[in-house]
Amino acid sequence: MEEAEVFAKLNQLQEKLTERFSLEEEIVKLPRDLRVKQELLDKINKEYIEENDKSEVAKDELKSLRIQYDDAVHARENSEKQMELINTQREFEALEKEIKDAASKEQSLLKQVHAKEKQVNEFSEHLTEKEQLMLLQTNEVNAESSKIGNLLTTKKALLNKVIAACEGYIGNDISEELFIKFCNIVKNKKGKGIVPIHGLICQGCHIVLPIQFVNDVRSQTQIDFCPYCSRILYYEDVEGAEEQFKKHVEDADIEDSGLANFVDSSEFDDLL
Ligand SMILES: [Zn+2]
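Note that the structure is predicted; figures quoted are calculated from it, not measured.

Considerations on the overall build of the chain
Scanning the chain from N- to C-terminus turns up seven helices and four strands. Along the chain, from the amino end to the carboxyl end, the secondary structure elements read α-α-α-β-β-α-β-β-α-α-α. Relative to the globule expectation of 19 Å for 272 residues, the C-alpha radius of gyration of the chain, 44 Å, shows a markedly less compact shape. The principal-axis extent of the C-alpha atoms belonging to the chain is close to 140 × 60 × 30 Å. With 272 residues in all, the chain has 29% of them scored as buried. Taking the contacts inside the chain whose residues are at least 6 apart along the sequence as the reference set, 72% of them involve residues at least 24 apart. By element, 51% of the accessible surface of the chain is carried by carbon and sulfur atoms, the whole surface being about 18000 Å².

Observations concerning the UniProt feature "coiled-coil region" (unreviewed entry) in the chain
The sites that UniProt annotates as "coiled-coil region" (unreviewed entry) are residues 41–112. As annotated, residues 41–112 has a helix share of 92% and a strand share of 0%, and its two end C-alpha atoms lie 36 Å apart.

Structural notes on the coordination of the zinc ion
Coordination sphere of the zinc ion, protein contribution only: Cys202 (SG), Cys205 (SG), Cys226 (SG) and Cys229 (SG), at 2.3 Å. Given four donor atoms and angles of 104 to 115° at the metal, the environment of the zinc ion is assigned as tetrahedral. Overall, the relative accessible area of 0% leaves cysteine 202 in the buried class. A residue is classified by how much of its surface remains accessible, and cysteine 205, at 22% relative accessible area, is partly exposed.

Some points on the domain arrangement of the chain
For the chain, the assigned domains are domain 1 (3–167) and domain 2 (192–271). Across the domain 1 to domain 2 interface the summed buried area is about 730 Å²; carbon plus sulfur atoms make up 62%. Among the residues of domain 1 in contact with domain 2, Glu3, Phe7 and Gln14 are the three that bury the most area, contributing 70% of the side total. Linking domain 1 with domain 2 are zero salt bridges, by the criterion used here. Linking domain 1 with domain 2 are two residue pairs in polar contact (both at pLDDT 80 or more), by the criterion used here. Its residues assigned to classes, the side of domain 1 that touches domain 2 comprises four nonpolar, two polar and one charged.

Regarding the sheet that holds strand E1 (residues 194–198)
Overall, mixed pairing links the four strands, which are arranged E2-E1-E4-E3 in an open sheet. The open sheet has two edge strands, strand E2 (201–202) and strand E3 (224–225), and neither has a second partner. Pairing of E1 with strand E4 (residues 232–235) involves four bridges; the strand directions are parallel. Counterpart to proline 196 in the pairing with E4 is tyrosine 234. Those strands touched by helix H1 (residues 3–82) are E1 and E4, and its axis lies near 135° from that of E4.

Reading the values: rules and limits
- Residues numbered from 1 in each chain as written.
- Predicted model: local features only at pLDDT ≥ 70, side-chain atom pairs only at ≥ 80, totals over all residues.
- Heavy atoms only, no water.
- Helix = DSSP H or I, 4+ residues; strand = E, 2+ residues; numbered from the N terminus.
- Rg over C-alpha atoms; globule rule 2.2 N^0.38 Å.
- Buried < 20%, exposed > 50% of the residue type's maximum accessible area, 1.4 Å probe, protein only.
- Contact = heavy atoms within 4.5 Å.
- Areas by Shrake-Rupley, 256 points an atom, 1.4 Å probe, with all protein chains shown as cover.
- UniProt positions renumbered as here; feature names shortened; annotations may be inferred.
- Donors = N, O, S within 2.8 Å, 3.2 Å for Na, K, Ca; no water.
- Tetrahedral: all angles 85-135°; square planar, octahedral: opposite > 155°, others 65-115°.
- Domains from an automatic or database assignment.
- Buried area = accessible area lost by both parts, 1.4 Å probe.
- Salt bridge = Lys/Arg side-chain N within 4 Å of Asp/Glu carboxyl O.
- Polar contact = N/O pair within 3.5 Å; in protein donor to acceptor, adjacent residues only side chain to side chain.
- Nonpolar A, V, L, I, M, F, W, Y, C, P; charged D, E, K, R; others polar.
- Pairing = 2+ DSSP bridges.
- Axes fitted to C-alpha atoms, helices over the stretch in contact; angles between N-to-C directions.

Okay, structure coming up:
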């Protein structure tokens, strides 16, 4: 098998892996919306329980106020009846005061009863509103839950197929070790695990690579990884790249012969 074909296979595998990673991400993200909706429902439930407790307390207070009010009414009525039985002016004045006090207490309690009734009604209205809200939210959670459940089943089935397709690439050309390494590179490098070299430049990290290394990559005898970004490299001829490569080689030759050092040296400036 030619190296070029291995690169082609790796490129195809890369597409499948990208599909796989994006599916895996979707599967993790999917239940998030449901969780948000469920949290809102839990919050409404909690508020309902708290409000209901307060409402029950208010109802008990109302009951007790009504009893106190009824007692006050009876007390006043009794005092009024006793009016028929009194004989002296002194008894009359005492009783009249008693009736006045009883009536005043009765009026005060009546006011409290009305205020408490208002409060109980308000609680009841709030609770009805909350019940409706809870019902809506419960329906929404149920709908979302079944929608997500179906979607998850579909996505997971698809993911299994994609994983199987990816693993189908493991064989003579792509060893299991290379497969695992490549999966990690594609994942860590956002879907780009295999990139070309143009001239001397890695198209993944855009760093200039050593000439000897690029020559090795060009010879296509093995799988080479970029020493800077770890991506798998292959040489690609593009317009101008070959000239760029040759220029780098020539520059390197000059450097090797020591001419570059001479040209760059300050002594040379003095000579001019
Ligand atoms: Zn690189």
